[in-house]
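One-letter residues, chain by chain:
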Amino acid sequence: MEMEARNSRQENNRDMVMVEDNTSVDWRGKPSNPNKHGGMKAAVFVLGLQAFEIMGIAAVGNNLITYVINEMHFPLSRSANVVTNFVGTIFLLALLGGYLSDSYLGSFFTILIFGFIELSGFILLSVQAHLPQLKPPKCNMITDSEHCIEAKGFKAFIFFLALYLVALGSGCVKPNMIAHGADQFDQNNPKQSKKLSTYFNFAYFAFSMGELVALTVLIWVQTHSGMDVGFGISAAAMALGLLSLVSGTFYYRNKRPQGSIFTPIAQVFVAAILKRKQICPSNTQMLNGSEQNNVPNNESGNLQLTKRFRFLNKACIKAEDGSNTSESPWRLCSVTQVEQVKVLISVIPIFACTIVFNTILAQLQTFSVQQGSAMDNKLTNSFHVPPASLQSIPYILLIFLVPLYDKFFVPFVRKFTGHESGISPLRRIGIGLFFATFSMVAAAVMEKKRRDSALDSGKIISIFWIAPQYLIFGLSEMFTAVGLIEFFYKQSLKGMQSTLTAITYCSYAFGFYLSSVLVSMVNKISKSSSNGGWLSDNDLNKDRLDYFYWLLAVMSFINFLFYLICARWNSRNAVLANTQQYEKQGEELINSNYGFNNSKRMEINENIP
């Protein structure tokens, strides 16, 4: 009898998994077929889009400071802020893309619509860079900056219009590329779950390949054939990316939009406030939605009520007047709805800890490029290395390192940790944040060496002295970026995967905006020095960029220590939630009619983490 009951439960659980899988649809809106749709064969088309899209946007963003200074004639500090504000806006707009995808459009159509907006921005940038009427008169900003005319009026308008069309398109495309590719894998299937981890690693591999081509081939074209040709190639790369996306239409598993995703979140807070004076019943089964939480292992998509952020639990207290009148959703929420809001709150500190990390990234795309411009960039007598191409150094390493990491490191470590990703996303993020500090230490040491050589002996050192700071940060980004996306995507927030992925990109936005604020603050605070400020001049030999890098190194290390506290708090909350869930499941199973004996009770207790 016990064996029959166990087999019956397993069959029921399999049926529940199939029902969950059928929430995904094919291109016609019909339930997807696991044998035809999804999997790595579908994700490959999305990886193609990722590679081509990053190729186009990286060629613009990573060399934009050179274009803004040399062609638009903006001063150094303003040029750096133009770049950081542009990149920051891209990642901030990721929230819009995630919201539209989860609520109304779905990831596929969101990518398609905003992909064409991004393509139009690339085309307009190419036209603006090609026509002399849309640029100020040519002038050498290094030797004759005082007489150079800065782009203003209609010329500046066209430039910023094109730039922010690219930002709007790219911002809304980025989170949906990751989410749409990840949607091709069923997390309820253990084999598919392992492949999902592989997908995240190869998504970063595609990112690295796109960055590498952009920072070598495309930037070389920009330097030798002109920015108009370079921007045109970015447009062509984006067009190829959209073609790759459309080619996989018949193979995709698509998730249906859920309607407004922020309304249920707001309802929890409103209901909790309105019922703040009520007392939660000791029997949680009396709370709204608790009767739906009797399925083991959460296979129904429901969540068990936990004790963290207990003030929100009041949102699911039923009316005490005994009437059967249904309450407004703004006064009564389900247990699952409340628990999803708790998950969202608990990941915010992890998100906050990656902002300084992305502030460091901003420096590698702005001031480090200017460092390279002040160094000897000759590889041979006839070949010069474009300064922006130095950012390709970590990606050359990573296109070899990422596959090795997934093929050998993950299976090896999995034997010891039992984690499907080898190491947990939180640990992966922590390793990356730790390495980021040493990237700024290397940058500060190198900048002092470069500046001292230029001032003391008039010697210009080789541009390859910059390589260590890029290599260290590239390794750091492989851990942090992939770990952050995997961590957020796997949270128990049904129907919000695109939005959660977008939140990870918001970290980039805040990091780049923080960079702009830091540059302005440092200039104001350090104006009392004899040189007028650490970053106030267009000449790095007069500025003290090394001091600024040391400041970032200290901030990064403090941020790492703060992350350790946040990660420990998040892990402890997750363990407590799982423990309560297992205890509740054990109690329900023991009290059921399945005839569990003491040995089965011990088995349940052993499963509690």
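Worth saying up front: this structure is predicted, and the values here are computed from it rather than measured.

Conventions adopted
- Residues numbered from 1 in each chain as written.
- Predicted model: local features only at pLDDT ≥ 70, side-chain atom pairs only at ≥ 80, totals over all residues.
- Heavy atoms only, no water.
- Helix = DSSP H or I, 4+ residues; strand = E, 2+ residues; numbered from the N terminus.
- Buried < 20%, exposed > 50% of the residue type's maximum accessible area, 1.4 Å probe, protein only.
- Areas by Shrake-Rupley, 256 points an atom, 1.4 Å probe, with all protein chains shown as cover.
- Phe/Tyr/Trp six-rings, centres within 6.5 Å; stacked < 30°, edge-to-face > 60°.
- Lys, Arg positive; Asp, Glu negative; His and termini not counted.
- Salt bridge = Lys/Arg side-chain N within 4 Å of Asp/Glu carboxyl O.
- Contact = heavy atoms within 4.5 Å.
- Core = buried A, V, L, I, M, F, W, Y, C linked by side-chain atoms within 4.5 Å.
- pLDDT = per-residue confidence, 0-100.
- Polar contact = N/O pair within 3.5 Å; in protein donor to acceptor, adjacent residues only side chain to side chain.

A. How the structure looks around the overall build of the protein chain. When its secondary structure is counted, the protein chain shows 19 helices and two strands. The buried share of the protein chain, taken over its 609 residues, is 53%. Summed over all atoms, the accessible surface of the protein chain reaches about 27000 Å², with 62% contributed by carbon and sulfur.

B. Highlighting the packing of aromatic side chains. Overall, the coordinates contain 33 aromatic pairs when judged by the stated rule. Pairing F309 with W569 gives two aromatic rings, centres 6.0 Å apart and planes at 65°, and the pair type is edge-to-face. Here F309 is found in the loop between helix 10 (262-274) and helix 11 (335-352), whereas its partner W569 is found in helix 18 (residues 545-590), with 260 residues between them in sequence. Look at W569 and you get partly exposed, because its relative accessible area is 28%.

C. Representation of the side chain of E477 in the model. Here E477 shows up in helix 16 (residues 467-489). Buried and unpaired, E477 has K174 as its nearest opposite-charge partner, separated by 10 Å. The contact partners of E477, leaving out residues within four places of it in the chain, are Y204, F207, F357, L361, Y395, V482 and Y508.

D. Main features of the pattern of salt bridges. All chains considered together, the criterion is met by nine salt bridges. The residue D183 makes a salt bridge to K255 at a minimum N-O spacing of 3.6 Å. Separated by 72 residues along the polypeptide, D183 in the loop between helix 7 (153-182) and helix 8 (190-225) and K255 in strand 2 (residues 254-255) bring together distant segments of the chain. Across the pair R450 and E447 runs a salt bridge, and its minimum N-O distance is 2.9 Å. Pair noted here: R450 and E447 are both in helix 15 (residues 425-457), with a separation of three residues, about one helical turn. When sorted by exposure, R450 lands in the same class as E447, which is buried.

E. A look at the nonpolar core. Counting residues in hydrophobic clusters, the biggest one holds 150 residues, and the most contacted among them are F86, Y199, F200, I350 and F548. Beyond its immediate chain neighbours, meaning those up to four positions away, I350 contacts L426, I429, L484, F487, Y563, C566, A567 and N570. With six residues, the next largest nonpolar core counts M55, A58, A214 and A237 among its residues.

F. Representation of helix 12 (residues 355-365). Where burial is concerned, most of helix 12 is hidden: eleven out of the eleven residues are buried. Of the residues making up helix 12, those classed as buried are I355, V356, F357, N358, T359, I360, L361, A362, Q363, L364 and Q365.

G. Molecular detail of the environment of R427. You can see R427 is positioned in helix 15. Between the alpha carbons of R427 and T480 there is a distance of 9.1 Å; along the sequence they are 53 residues apart.

H. Region of interest: unusual backbone geometry. For H73, which is not glycine, the phi dihedral falls at a positive 65°. Topologically, H73 is positioned in the loop between helix 3 (64-70) and helix 4 (76-92). On the basis of relative accessibility, which here comes to 4%, the residue H73 falls in the buried class.

I. Just the confidence of the model for the protein chain, in detail. The share of residues in the protein chain with pLDDT of 70 or more is 84%, and the mean pLDDT across the chain is 80. Per-element confidence in the protein chain is highest for helix 6 (residues 107-130), whose mean pLDDT is 94, and lowest for helix 1 (residues 2-21), whose mean pLDDT is 40. Counted against residues more than four places away or in other chains, residues 1-22, with its pLDDT under 50, gives 22 contacts. Segment residues 585-609 is flagged for pLDDT under 50; beyond a separation of four residues in sequence, or across chains, it makes 28 contacts in the model.

J. The arrangement of the environment of S556 in detail. Of note, S556 is situated in helix 18. Counting along the chain gives 202 residues from S556 to T354, while the straight-line C-alpha distance between them is 9.5 Å. With residues near it in sequence (within four places) discarded, S556 still touches V356, I360, L433, A436 and T437. Here T437 takes part through its side chain, which lies 2.8 Å from a polar atom of the side chain of S556.

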